Structure formats: C-alpha cells, structure tokens
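Report on the structure
These are the residues of each chain, in order.
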Amino acid sequence: MKLTNLVGPPGAPRNSGLGPNYVVFDMRLGRTFKLGEQHALQFTAEGFNITNRTNYARVNNIVGAAFAPPFNVRGTTGLSPSQPLGFTAALPKREIQPGVRFDF
C-alpha cells in the first residue's frame, strides 16, 4: 500500500516553502537607587517586539498537487488562513513589562 503525501505536493522536500523574514527589536532599561549602605531599589522596564512588527508563526501548508517543481513557494498575507499558503498564526505583538526589585 502506497501512502500519499497529504500535506504538500508529491515530491516536495520538507520545509520548501518560504515566509517573510523574522525581525524583532527587544530592549531593557534599568535604574538603581541606593538606599543607605545595604539597601537598593531597582526599577526596570522591558519591551519585546518594540516596533510591533507582525512575525508570522505558521502557514497553511496543505496545498495538494497544484504546485510543480521547482518548489519555491512563499506564504502571503493577501490570502485567508483557510487558503493554501495563507498565514494561520502570528507571534506575540508588542509587550512591555515594568519591574521593581528591592535588595536588602
């Protein structure tokens, strides 16, 4: 019994589809204030994906036999998630978290 490739076109290598580049800018700022000889208060602010760029995590890779070699296909934002090569998930948006630390 021969199994058919239900995920991609027959003969396509694994991970042959391309998506957009992954770009992220993270930052951490901190300031420490001394409170006497043995105590300190530290304030921090951390930001992840500061530019708030959409980084896609998954693409609908069920394309069937509609594509032929060479397999140089790209996911695109112009398609709905239910269409072949449409993006189905994205990584987190901008996140900012404040912090306070007391050393004693």
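Located above this text is the structure these notes cover.
An account of the accompanying structure is given in this report.

1. Let's talk about the overall build of the protein chain
In terms of helices and strands, the protein chain carries 0 helices and 5 strands. Going through the 104 residues of the protein chain one by one, you find that 17% of them count as buried. Of the roughly 8300 Å² of accessible surface on the protein chain, a fraction of 57% belongs to carbon and sulfur atoms.

2. Notes on the sheet that holds strand 2 (residues 39–48)
Within the open sheet, the 3 strands sit side by side as 1-2-5. Their pairing is antiparallel. Two strands bound the open sheet, and with one partner strand each, they are strand 1 (27–35) and strand 5 (95–103). Recorded for the sheet is a direction-independent mean angle of 10° between the axes of neighbouring strands. Pairing analysis gives 9 bridges linking strand 2 to strand 5, with the strands arranged antiparallel. The residue of strand 5 that forms the bridge with A40 is D103.

Rules and cut-offs
Residues numbered from 1 in each chain as written. Predicted model: local features only at pLDDT ≥ 70, side-chain atom pairs only at ≥ 80, totals over all residues. Heavy atoms only, no water. Helix = DSSP H or I, 4+ residues; strand = E, 2+ residues; numbered from the N terminus. Buried < 20%, exposed > 50% of the residue type's maximum accessible area, 1.4 Å probe, protein only. Areas by Shrake-Rupley, 256 points an atom, 1.4 Å probe, with all protein chains shown as cover. Pairing = 2+ DSSP bridges. Axes fitted to C-alpha atoms, helices over the stretch in contact; angles between N-to-C directions.

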